[in-house]
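Below, each chain spelled out in residue letters.
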Amino acid sequence: MLSYQFRINVIFSKLKLLFVVALISMIIFSCKKDNVDPVTIDGTWRVTNLNVTIGGSTVDYWSLYNQFFPCTKDITVTFDLNNSFSVFEPKGCVDDNGDSFLPLGKSGTYTFSTDNKLILKETGGQTLEGTVIVESDQITWTTKTDVNGVSTDILAKFARVQ
């Protein structure tokens, strides 16, 4: 007959083994392996909002443009996989001075980093840098710039077209 102490040791050994197996199983199955697609901005986007804040006053210029110049609703920006961007504006869609409504050159290159920084380098023009929040069908871009010596905040929203 087995001793009482021996049986207790066998039971504790089995419990320890069961505990170790359970612990390892929990560790293995709790490591969730999400297949998260990288965030990209490639595609064509339509401007939906352009808020400009100067000296504490904010104006939604895009809503004003849309009211007085309906063609602005058709302006798009396309970001391709080669890190180039291009702007489409309907023919004749310019302000009273003949200038573009979108404060962005017609083409250029871009850099989109993993920390959500978007840098736009216009062909033959300025460089704009801002922070981007990308959702499946919307981009929100914020930046600060200097307009005639006055600090200006810009918040632009884009909706995915394609």
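Residues numbered from 1 in each chain as written. Predicted model: local features only at pLDDT ≥ 70, side-chain atom pairs only at ≥ 80, totals over all residues. Heavy atoms only, no water.

J.: Provide a residue-level description of the overall build of the protein chain, including the pertinent values.
T.: Along the protein chain, the regular secondary structure elements total two helices and nine strands. Seen in sequence order, the protein chain has helices and strands lined up from the N terminus as α-β-β-α-β-β-β-β-β-β-β. When each of the 162 residues of the protein chain is scored for burial, the buried share is 26%. When contacts within the protein chain are restricted to residue pairs at least 6 apart in sequence, those whose partners lie at least 24 apart make up 43%. Accessible surface for the protein chain amounts to roughly 11200 Å². Of this, 58% is attributable to carbon and sulfur atoms. (Helix = DSSP H or I, 4+ residues; strand = E, 2+ residues; numbered from the N terminus. Buried < 20%, exposed > 50% of the residue type's maximum accessible area, 1.4 Å probe, protein only. Contact = heavy atoms within 4.5 Å. Areas by Shrake-Rupley, 256 points an atom, 1.4 Å probe, with all protein chains shown as cover.)

J.: Provide a residue-level description of the pairing of strand β4 (residues 84–88), including the pertinent values.
T.: Burial along β4 is one-sided: Phe85 and Val87 are buried, and none of Ser84, Ser86 and Phe88, which face the opposite way, are. Bridging between strand β3 (residues 76–79) and β4 involves four bridges; their strand directions are antiparallel. Looking at the pairing, Val77 lines up with Val87 of β4. Counting the residues in the hairpin turn of β3 and β4 gives four residues, including Asn83, whose phi is positive at 65°. Of the pairings in the sheet, the one linking β4 to strand β5 (residues 107–112) comprises three bridges and is antiparallel in character. Pairing of Ser86 across the sheet is with Ser107, part of β5. (Pairing = 2+ DSSP bridges.)

J.: Kindly report on the environment of Phe85, identifying the contributing residues and their values.
T.: Structurally, the position occupied by Phe85 is in strand β4. Once you skip the residues sitting within four places of it in the chain, Phe85 turns out to touch Thr78, Phe79, Leu104, Gly105, Lys106, Ser107, Gly108, Thr109, Tyr110, Leu120, Lys121 and Glu122.

J.: So what's going on with a nonpolar patch on the surface? Residues and values would help.
T.: Residues Tyr61, Leu64 and Phe68 make up a contiguous nonpolar surface patch of roughly 300 Å² in combined accessible area. Relative to the helices and strands, Tyr61 resides in helix α2 (residues 61–68). Take Tyr61: its relative accessible area is 30%, and that puts it in the partly exposed class. (Patch = residues over 30% accessible without salt bridge, like charges linked within 9 Å, V, L, I, M, F, W, Y side chains within 5 Å. Salt bridge = Lys/Arg side-chain N within 4 Å of Asp/Glu carboxyl O.)

J.: If you had to explain the state of the cysteines to someone new, which residues and values would you point to?
T.: Within this structure, the stated rule accounts for one disulfide. Across a sulfur-sulfur distance of 2.1 Å, Cys71 and Cys93 are joined as a disulfide pair. What sets the handedness of the Cys71 and Cys93 disulfide is the S-S torsion sign, and at about 85° it is right-handed. On the criterion of sequence distance, the pair formed by Cys71 in the loop between α2 and β3 and Cys93 in the loop between β4 and β5 is long-range, its members being 22 residues apart. (Disulfide = S-S within 2.5 Å.)

J.: Help me get a handle on the packing of aromatic side chains, residues and values and all.
T.: This model, assessed by the stated rule, comprises six aromatic pairs. Between Phe79 and Tyr110, the ring centres sit 5.1 Å apart and the planes meet at 80°, which makes this aromatic pair edge-to-face. Of the two residues, Phe79 is situated in strand β3 and Tyr110 in strand β5; the sequence distance between them amounts to 31 residues. Side by side, Phe79 and Tyr110 carry an identical accessibility label, which is buried. (Phe/Tyr/Trp six-rings, centres within 6.5 Å; stacked < 30°, edge-to-face > 60°.)

J.: How would you summarise empty space enclosed by the protein if you had to cite specific residues and measurements?
T.: Per the counting criterion, the structure on display carries one cavity of 30 Å³ or more. For the largest cavity, the calculated volume is near 60 Å³. For the lining of the largest cavity, the secondary structure elements donating two or more residues are β3, β6 (117–122) and β8 (138–147). (1 Å grid on protein atoms, 1.4 Å probe; cavity = no way out; pocket = protein on both sides within 12 Å on 5 of 7 lines; lining within 4 Å. Points joined across faces, edges and corners; volume = space filled by probe spheres on them.)

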